[in-house]
Each structure stands twice: as structure tokens, then as C-alpha cells.
Amino acid sequence: AIAASPNDAQLYSDLGMLYARSGQADQACQKLEQAIAIRPTESKYHSNLASVQLDTGKADKAMETLQKVNTPASANYNMALLLVQRNQIQGAQQH
């Protein structure tokens, strides 16, 4: 599908999330970054990338990713939400 539509950011995002679900974080990040390169203002691609980054222990990088397309308040809210989803309540309270 990507070969037929190389500029379809959603395809890269979907593939990235498939990689993430299968535990292939490096490949997931690569595909999500490609989606962002195509549509840099699409917040859901940044959120997906931040989610993978958080799952790999890169909380600071995840916050940077969220801040690229969100106000500081929204970035903190989204980070807290991601942490709550991972049952990291103490970390969520810091945002």
C-alpha cells in the first residue's frame, strides 16, 4: 500500500502502530517519524510517536514530541493521560 501511496501519512502511522504492537519500537518510531514528515502538524501522529517513546523509557523525548504540536498545557495533559494509561499515576501527577 505504501508503494502505491508513498505520500499517505496515515499508512505510515498505521504501519508504525502495527510495529509498536508487535514490540518493534525502532521500526515503529521510524514509520511514525515518516508520517510526521509528511504531515508535521497532525497531532495524532505525534501522540502515537510519544506513546512509543514512553513505552521505551524515553519520557523526556515523548514530552518533546508532544510539545511540537500542542500548547504546554495540552502537552502536559496528554503526557499525564499516557502515563495514567500505563498505570504510572505518580508520574502523571507531575504533569
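Up top is the structure these notes are about.
Just so it is clear, the model here is predicted, and its values are computed rather than measured.

### Regarding the overall build of the protein chain
Right, so step 1: The number of helices and strands found in the protein chain is six helices and zero strands.
Right, so step 2: For the protein chain, the sequential pattern of α-helices and β-strands runs α-α-α-α-α-α.
Right, so step 3: Since a compact globule built from 95 residues should have a radius of gyration of about 12 Å, the 13 Å found for the protein chain is in line with a globular shape.
Right, so step 4: Along the longest, intermediate and shortest principal axes, the C-alpha atoms of the protein chain span 45 × 30 × 15 Å.
Right, so step 5: When burial is assessed residue by residue, the protein chain has 34% of its 95 residues classed as buried.
Right, so step 6: Counting contacts in the protein chain only where the partners sit at least 6 residues apart, residues at least 24 apart contribute 32% of the total.
Right, so step 7: Counting only carbon and sulfur atoms, one obtains 48% of the accessible surface of the protein chain, whose full area is about 5700 Å².
Right, so step 8: With 8 positive and 8 negative side-chain charges, the protein chain shows a separation of 2 Å between the mean positions of the two kinds.

Scoring rules and cut-offs
- Residues numbered from 1 in each chain as written.
- Predicted model: local features only at pLDDT ≥ 70, side-chain atom pairs only at ≥ 80, totals over all residues.
- Heavy atoms only, no water.
- Helix = DSSP H or I, 4+ residues; strand = E, 2+ residues; numbered from the N terminus.
- Rg over C-alpha atoms; globule rule 2.2 N^0.38 Å.
- Buried < 20%, exposed > 50% of the residue type's maximum accessible area, 1.4 Å probe, protein only.
- Contact = heavy atoms within 4.5 Å.
- Areas by Shrake-Rupley, 256 points an atom, 1.4 Å probe, with all protein chains shown as cover.
- Lys, Arg positive; Asp, Glu negative; His and termini not counted.
- Charge placed at Lys NZ, Arg CZ, Asp CG, Glu CD.

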